[in-house]
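# Secondary and tertiary structure notes
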Amino acid sequence: MSRQLRYIIYKLSDDFKEIVIESTSEGPTENYDEFREKLVNAQTKSATGAVGKGPRYAVYDFEYKLASGEGSRNKVTFIAWSPDDAGIKSKMVYASSKEALKRSLSGIAVELQANETDDIEYEQINQDREQGYCRIDFPP
């Protein structure tokens, strides 16, 4: 992900056969709350045509301050958003295709599985990162 974007949100196509970009930030300074709202309000159409909450994949370039006060850092974070009240079939398809998307992306430092809205609060993600609850992959 280039530094020209703050985030990219991916979804499965309506036929569940390919992963497509659903939306991107307008620029590197777009607000986190706008990104979070897009995830929370994501909709997916089932095979029967019913529309309900839907899972998504997202990549977000998180900026955080160092505890020492010596500046800030960025961590490109992969978020697998799968709300508990999403349809079972869509959650299964998203879970099974996650690794394929991750392999196609480069520069991912942190991976986060989020199932509740509290899981994607900015402060919660930052706290999880600090406490090591997120999986952090540092490049060799």
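As annotated in an unreviewed UniProt entry, the chain is Cofilin from Sordaria macrospora. The chain has a UniProt comment under Subcellular location (unreviewed entry) that states "Nucleus matrix". Recorded in UniProt under Sequence similarities (unreviewed entry), the annotation for the chain is "Belongs to the actin-binding proteins ADF family."

Before going further, it helps to spend a moment on the pairing of strand β6 (residues 72–81). The element β6 is extensively covered by neighbouring structure, given that seven of its ten residues are classed as buried. Sheet analysis places strand β5 (residues 56–65) next to β6, joined by ten bridges and oriented antiparallel. Of the residues in β6, the one forming a bridge with Tyr64 is Arg73. Between β5 and β6, which pair antiparallel one after the other, the connecting turn spans six residues, and Gly69 there sits at a positive phi close to 80°.

Here we come to the nonpolar core. Counting 15 residues, the largest nonpolar core has Tyr32, Phe35, Leu39, Ile79, Ile120 and Ile125 as the members making the most contacts within it. Taken together, the elements giving at least two residues each to this core come down to β1 (7–12), α1 (32–40), β5, β6 and β7 (110–114). With four residues, the single largest contributor to this core is α1. Dropping the residues within four chain positions of it, Ile120 is found in contact with Tyr32, Arg36, Leu39, Val40, Ile79, Trp81, Ala114 and Ile125. Formed by 13 residues, the second largest nonpolar core is a distinct cluster that contains Tyr57, Val59, Ala80 and Leu101.

Conventions we followed
- Residues numbered from 1 in each chain as written.
- Predicted model: local features only at pLDDT ≥ 70, side-chain atom pairs only at ≥ 80, totals over all residues.
- Heavy atoms only, no water.
- UniProt positions renumbered as here; feature names shortened; annotations may be inferred.
- Buried < 20%, exposed > 50% of the residue type's maximum accessible area, 1.4 Å probe, protein only.
- Helix = DSSP H or I, 4+ residues; strand = E, 2+ residues; numbered from the N terminus.
- Pairing = 2+ DSSP bridges.
- Core = buried A, V, L, I, M, F, W, Y, C linked by side-chain atoms within 4.5 Å.
- Contact = heavy atoms within 4.5 Å.

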